[in-house]
Amino acid sequence: MHPQQKAAWFVLIVFAVTVVLYLVTVPAMSLFLGKPWTSMATPAMGIFGLCGLWGFARFFYSPSKNREPVMDERDQLLAARAWRTGMATFWLVFVFGCVGSWGFMRYVRGLDRISVPVELFPGMTLAGFIIATITQAIAVLHYYGWRGRNASGQ
Amino acid sequence: MPPANDNGLRNHIRRLRFEHGEMTQQELAERTGVTRQTIIALESAKYAPSLPLAFRIARVFHSTVEEVFEIE
């Protein structure tokens, strides 16, 4: 399995563990603090800081024992293609979040003169980046082949 | 007849490997500076090489690019 595939699986596994921990933390905090779980949903999102572990994915790119290059031209092509897919997704999420939040307040809540709360933007950026990274990992696995056999390049 | 990719490009890498002392994919990968996965993708026509890589492959087989790759 190519290091890029290993890194992609690592990203997906860390995210899956993070989501599970979040779903466990919300009721746990609710129980521990004696507050309704809906009010714990936002504070528990600090769990998504575990996504910072993605930074360790770089260690999969250590030089291999044989004389193969870590990233040859095809690997770079696939990485660039997956990155473009991820960034396109990020842009869609971010723009939808910006416009959607304004539209929600204007047309759903019926506010005439509104401004989107500034505290939404860091959250939208973080959510967009997480979604972009997940999309990139899925794209890498799709381009290489999910099981690492007979890897295709196009 | 080796398979062709979407652009009609096919290659004779697999045949040339066997004709040159039954060279393995790993050995060809090392001599051309790519991974074995790339050689596999090349032979199954799932990847079109860059010009420099095409020339390196041809040089390994002491052939020209046109003898290794052909287009429909």
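That block above? That's the structure.
Residues numbered from 1 in each chain as written. Chains lettered and ligands numbered in written order. Predicted model: local features only at pLDDT ≥ 70, side-chain atom pairs only at ≥ 80, totals over all residues. Heavy atoms only, no water.

Engineer: Please provide a residue-by-residue account of the nonpolar core, values included.
Structural biologist: All names here are of chain A. In this structure, Tyr22, Trp54, Ile130 and Ile134 are the most contacted members of the largest nonpolar core, which totals 22 residues. Of all the secondary structure elements, the ones that give two or more residues to this core are α1 (3-33), α3 (73-108) and α4 (120-144). With eight residues, α4 is the largest single contributor of residues to this core. Filtering out sequence-adjacent residues up to four positions away, isoleucine 134 remains in contact with Val11, Leu12, Phe15 and Trp54. (Core = buried A, V, L, I, M, F, W, Y, C linked by side-chain atoms within 4.5 Å. Buried < 20%, exposed > 50% of the residue type's maximum accessible area, 1.4 Å probe, protein only. Helix = DSSP H or I, 4+ residues; strand = E, 2+ residues; numbered from the N terminus. Contact = heavy atoms within 4.5 Å.)

Engineer: With reference to specific residues and values, describe the pattern of salt bridges.
Structural biologist: Residue and element names in this part refer to chain B. Tallying each qualifying case throughout the model produces seven salt bridges over all chains. The salt bridge partner of arginine 10 is glutamate 70, with a shortest N-O separation of 3.7 Å. Pair noted here: arginine 10 is in strand β1 (residues 9-11) and glutamate 70 is in strand β2 (residues 69-71), with a separation of 60 residues, a long-range link. In this structure glutamate 70 comes out as partly exposed when scored by relative accessible area, which is 32%. (Salt bridge = Lys/Arg side-chain N within 4 Å of Asp/Glu carboxyl O.)

Engineer: Now, about unusual backbone geometry: what can you tell me, with residues and values included?
Structural biologist: Residue and element names in this part refer to chain B. The backbone of alanine 45 sits at a positive phi, close to 55°, despite the residue not being glycine. With respect to the secondary-structure elements, alanine 45 resides in the loop between α3 (36-43) and α4 (51-60). Exposure remark for alanine 45: the relative accessible area of 10% places this residue in the buried category. The phi dihedral of histidine 62 falls on the positive side, at around 55°, and the residue is not glycine. Positionally, histidine 62 belongs in the loop between α4 and α5 (65-68).

Engineer: Residue-level account of a nonpolar patch on the surface, with values.
Structural biologist: A cluster of nonpolar side chains, contributed by Ile13, Val17, Leu21, Leu50, Leu53, Phe56 and Phe59 of chain A, occupies part of the molecular surface with about 610 Å² of accessible area. Counting through the fold element by element, phenylalanine 59 of chain A comes out in the loop between α2 (37-40) and α3. (Patch = residues over 30% accessible without salt bridge, like charges linked within 9 Å, V, L, I, M, F, W, Y side chains within 5 Å. Areas by Shrake-Rupley, 256 points an atom, 1.4 Å probe, with all protein chains shown as cover.)

Engineer: Give me the environment of glutamine 136 of chain A: which residues, what numbers.
Structural biologist: Residues and elements named next belong to chain A. Here glutamine 136 is to be found in helix α4. Linking glutamine 136 and valine 118, residues 18 residues apart in sequence, is a C-alpha distance of 28 Å. Those residues in contact with glutamine 136 that sit more than four places away from it in its chain are Ala82, Trp83 and Gly86.

Functional significance is not addressed by these values, which are geometric in nature.
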